[in-house]
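Per-entry structural report
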Amino acid sequence: AAQLLGETVKTDNAEEKRLVKIIDEQSKRMNVIVQNVTQLSRRDRINPVKLDLETWLGDFLRQYSDTVSVPHDAFVIQGMQEMAVCVDPDQLYQVITNLCQNALRHSPPFTGTPLIKFQGSRDGEDRPILDVIDWGSGVNPEIADSIFDPFFTTTPKGTGLGLYIARELCEGNGASLNYYPGEGGVGSRFRVTFVRAEDCAELGTL
């Protein structure tokens, strides 16, 4: 309705066009919030499977880079050889999408140097780890403890739900999501620690 109203407003009436634009933008923002809250209802309805993380990430990035119109060269994958995880692939898609959106929002424009690195490793209990690393503006240490809180945001158009939902979906899959400052205080590192692929049957009974 706001879009239709915008088409009828006279082009020389700047104030009316400004008000219609506000309605349209805020409606879209509320729609994002509703969609995000709806995603939370899926947390406890997981369908975990064993995934080869490197293969899955490659497929994800081919789709995601086209969606956000960012060259594929803006992303780099390292340390994923023979790394299998147990997770619901649809929910993992949402988690990584949220982390990428957050990273790109705080990164400079792509000029040939990668903006996001996906680094694989394992913890002391042999659980697979995926670090999503960027070299953007980073997180102010004063708010680092609040970034996973619902509706906490530092951007005017943010909903404050992206990181919150990402962590909730991770925990629903028996995984964890944590934030660490980037090396040398540059950028950010978000770490997803997964359930081991061999424990997939156990995860499915949770």
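Please refer to the structure placed before this passage.
The notes below deal with the structure included here. No experiment lies behind these values; they were computed from the predicted model shown.

Brief notes about the overall build of the chain
Regarding its fold elements, the chain presents six helices and eight strands. N-terminal to C-terminal, the α/β element order of the chain is α-α-β-α-β-β-α-β-β-α-β-β-β-α. Every one of the 206 residues in the chain was classed for burial, and the buried ones make up 41%. If you take every contact in the chain between residues at least 6 apart in sequence, the share linking residues at least 24 apart comes to 66%.

Quick look at the packing of helix H4 (residues 89-105) against helix H5 (residues 162-172)
Where H4 meets H5, the axes come as close as 9 Å, and the angle between the chain directions of the two elements is 150°. Put simply, H4 runs roughly antiparallel to H5. Considering how the two elements wind past one another, H4 and H5 form a crossing that is left-handed. Here Gln91, Gln94, Val95, Asn98, Leu99 and Asn102 of H4 lie close against H5, whose contacting residues are Gly162, Leu163, Ile165, Ala166, Leu169 and Cys170.

Let's talk about the pattern of salt bridges
Pairing between side chains of opposite charge can happen when their charged atoms approach one another. The full count for this structure, using the stated rule, is nine salt bridges. Close ionic contact of Asp131 with Arg189 constitutes a salt bridge, the shortest N to O distance being 2.7 Å. Of this pair, Asp131 sits in strand E5 (residues 128-134) while Arg189 sits in strand E7 (residues 188-193), and the two are 58 residues apart along the sequence. By relative accessible area, Asp131 is classed as buried at 2%. Residue Glu198 is joined to Arg196 by a salt bridge in which the shortest nitrogen-to-oxygen separation is 3.7 Å. Exposure remark for Arg196: the relative accessible area of 25% places this residue in the partly exposed category.

Looking at the packing of aromatic side chains
Enumeration over the complete set of coordinates arrives at seven aromatic pairs. Taken together, a centroid distance of 6.1 Å and an interplanar angle of 75° make the contact between Tyr64 and Phe75 edge-to-face. Of the two residues, Tyr64 is situated in helix H3 (residues 53-67) and Phe75 in strand E2 (residues 75-78); the sequence distance between them amounts to eleven residues. Taken together through their ring pairs, the aromatic side chains of Trp56, Phe60, Tyr64, Phe75 and Tyr93 make up a single cluster. Between Arg167 and the ring centre of Phe148, over which it is positioned, the NZ or CZ distance is 3.8 Å.

Brief notes about the state of the cysteines
Inspection of every chain in the model, using the stated rule, returns one disulfide. With its sulfur 2.1 Å from that of its partner, Cys86 forms a disulfide with Cys200. Its torsion about the S-S bond being 75°, the disulfide of Cys86 and Cys200 is classed as right-handed. Of this pair, Cys86 sits in strand E3 (residues 84-87) while Cys200 sits in helix H6 (residues 200-203); the two residues are 114 residues apart in sequence, bridging distant segments of the chain. Across the pair, exposure class does not vary: Cys86 and Cys200 are buried alike.

Quick look at the side chain of Asn173
Relative to the elements of secondary structure, Asn173 occurs in the loop between H5 and strand E6 (176-181). On the basis of relative accessible area, Asn173 is assigned to the buried category, the value being 2%. One polar contact links the side chain of Asn173 to the main-chain amide nitrogen of Asp88, over a distance of 2.9 Å. In terms of polar contacts, Asn173 uses its side chain to reach the side chain of Gln91, at 2.8 Å.

Considering the packing of H3 against H4
At their nearest, the axes of H3 and H4 sit 11 Å apart, and the two run at 60° to each other. In terms of orientation, H3 lies oblique with respect to H4. Between H3 and H4 lies a crossing of right-handed hand. In this structure, H3 contributes Leu53, Trp56, Phe60, Gln63 and Tyr64 to the contact, and H4 contributes Pro89, Leu92, Tyr93, Ile96, Thr97, Cys100, Gln101 and Leu104. Its residues assigned to classes, the contact of H3 with H4 comprises ten nonpolar, three polar and no charged.

Conventions adopted
- Residues numbered from 1 in each chain as written.
- Predicted model: local features only at pLDDT ≥ 70, side-chain atom pairs only at ≥ 80, totals over all residues.
- Heavy atoms only, no water.
- Helix = DSSP H or I, 4+ residues; strand = E, 2+ residues; numbered from the N terminus.
- Buried < 20%, exposed > 50% of the residue type's maximum accessible area, 1.4 Å probe, protein only.
- Contact = heavy atoms within 4.5 Å.
- Axes fitted to C-alpha atoms, helices over the stretch in contact; angles between N-to-C directions.
- Parallel < 35°, antiparallel > 145°, perpendicular 65-115°, else oblique.
- Left-handed = near helix turned anticlockwise from the far one by under 90°.
- Salt bridge = Lys/Arg side-chain N within 4 Å of Asp/Glu carboxyl O.
- Phe/Tyr/Trp six-rings, centres within 6.5 Å; stacked < 30°, edge-to-face > 60°.
- Lys NZ or Arg CZ within 6 Å of the ring centre and 35° of its normal.
- Disulfide = S-S within 2.5 Å.
- Polar contact = N/O pair within 3.5 Å; in protein donor to acceptor, adjacent residues only side chain to side chain.
- Nonpolar A, V, L, I, M, F, W, Y, C, P; charged D, E, K, R; others polar.

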